[in-house]
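# Structure at a glance
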Amino acid sequence: MLTSPLIRPEELAAALGSAKAPVLLDVRWQLGGPDGRTTYLAGHVPGAVFVDLDRDLAAPPGGGGRHPLPDPARFEAAMRRAGVRGDRAVVVYDQRDTTSAARAWWLLGYHGHPDVRVLDGGYDAWVARGFEVTSKLPTPEPGDFHATAGNRPTLDANGAAGIARDGVLLDARAVERYRGEVEPVDPVAGHIPGARSAPALANILSDGHLLPPCELRARFAALGVREGVPVGAYCGSGVVASHEVLALELAGFDAALYVGSWSEWITDPSRPVATGEK
């Protein structure tokens, strides 16, 4: 068992120099931002293989939302192309805040990989420590990872509604989107009734590192999270909510992910929509 789902840049540098170095995946992605592959080609951690979030870590948009779960066989093939093996650790990173890297962390765990960690502070933290970067593309040996779905808890729309009623359902989007004041992506603004606003970016320090576990635990406790109470997380399309699940795990809480999230919730006009503070 891993002691933490995070790894520091110094730990990663040491691991990459070991006899059994981890497989390294670059998962830089930003909603509406620059193409992650272009950023990767400009510079990345040596040996890192680029993984495209839209293509490799999600099925095509549709009734299941903007980033539905990928087909296990397609996900397995993508991970094998990237060199992922069942008996070798994997480290994933994004630019700085773990919000897209956490999607790969969650999916690999969901599909049964036992040893996946996220680079705390991402590529920016690696660069800030003065470690080597490169634009040279690696040629990974094909992996042997076998994807077996179902190793992390998930929610569908009915399950999310139940958690909002009987437990704690956290909305990881910006508070303005939760309130329904703005909606830059989806056609309907608002939130799932009963959900509590818990912006994912509040889990992060100004330098991109996650808050210490004790501070995360206090933050989630203030939102009503406690032992014995079911907890779920959602966002716009299930990407940033993966980061919320990561932060909850660091704080010592297990949480289910509503993968379809808001973009799936609103595909059924019979589902209620709330706005405002509650």
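Okay, so let's go over this structure. It should be emphasised that the depicted structure is a prediction, and the values quoted were computed from it without experimental measurement.

## What about the packing of aromatic side chains?
The tally for this structure, following the rule as stated, stands at five aromatic pairs. Between F75 and F145, the aromatic rings sit 6.4 Å apart at their centres with planes inclined by 85°, giving edge-to-face as the arrangement. You can see F75 sitting in helix α4 (residues 72-81) and its partner F145 sitting in the loop between α6 (122-128) and β6 (154-155), a full 70 residues away along the chain. Taking the relative accessible area as the measure of exposure, F75 reaches 0% and is therefore buried. Since its relative accessible area comes to 2%, F145 is described here as buried. The positively charged end of R28 is found above the aromatic ring belonging to Y123, 4.2 Å away from the centroid. If you follow R152 out to its NZ or CZ, it ends over the ring of W105, 4.1 Å from the centre.

## Regarding the packing of helix α9 (residues 213-222) against helix α10 (residues 240-250)
Their axes nearest at 8 Å, the elements α9 and α10 cross at an angle of 110°. Here α9 lies roughly perpendicular to α10, going by the angle between them. Relative to α10, α9 is oriented so that their crossing is left-handed. When α9 is examined against α10, the residues P213, L216, R219 and F220 are found in contact with a partner set consisting of E244, A247, L248 and L250. Here the contact of α9 with α10 is built from residues that sort into six nonpolar, no polar and two charged.

## Concerning unusual backbone geometry
Comment: phi is negative for the bulk of residues other than glycine, and the bulk of peptide bonds are trans. A positive phi angle is found at T98, which is not glycine, with a value near 65°. Turning to its location among the elements, T98 is positioned in the loop between β4 (90-93) and α5 (101-110). Judged by its relative accessible area of 1%, T98 is buried. A positive phi angle, close to 55°, is found at S261, a residue other than glycine. Relative to the assigned elements, S261 resides in helix α11 (residues 261-265).

## What to know about the nonpolar core
Counting residues in hydrophobic clusters, the biggest one holds 54 residues, and the most contacted among them are L25, L57, M79, V92, L108, L170 and F220. With eight residues, α5 is the single largest residue contributor to this core. Sequence-distant contacts of L57, defined by excluding residues within four places in its chain, comprise V27, V51, D52, P68, P70, F75, M79, R103, A104 and L107. Counting 15 residues, the second largest nonpolar core, distinct from the first, contains A157, A160, Y258 and I266.

Definitions and cut-offs
Residues numbered from 1 in each chain as written. Predicted model: local features only at pLDDT ≥ 70, side-chain atom pairs only at ≥ 80, totals over all residues. Heavy atoms only, no water. Phe/Tyr/Trp six-rings, centres within 6.5 Å; stacked < 30°, edge-to-face > 60°. Helix = DSSP H or I, 4+ residues; strand = E, 2+ residues; numbered from the N terminus. Buried < 20%, exposed > 50% of the residue type's maximum accessible area, 1.4 Å probe, protein only. Lys NZ or Arg CZ within 6 Å of the ring centre and 35° of its normal. Axes fitted to C-alpha atoms, helices over the stretch in contact; angles between N-to-C directions. Parallel < 35°, antiparallel > 145°, perpendicular 65-115°, else oblique. Left-handed = near helix turned anticlockwise from the far one by under 90°. Contact = heavy atoms within 4.5 Å. Nonpolar A, V, L, I, M, F, W, Y, C, P; charged D, E, K, R; others polar. Core = buried A, V, L, I, M, F, W, Y, C linked by side-chain atoms within 4.5 Å.

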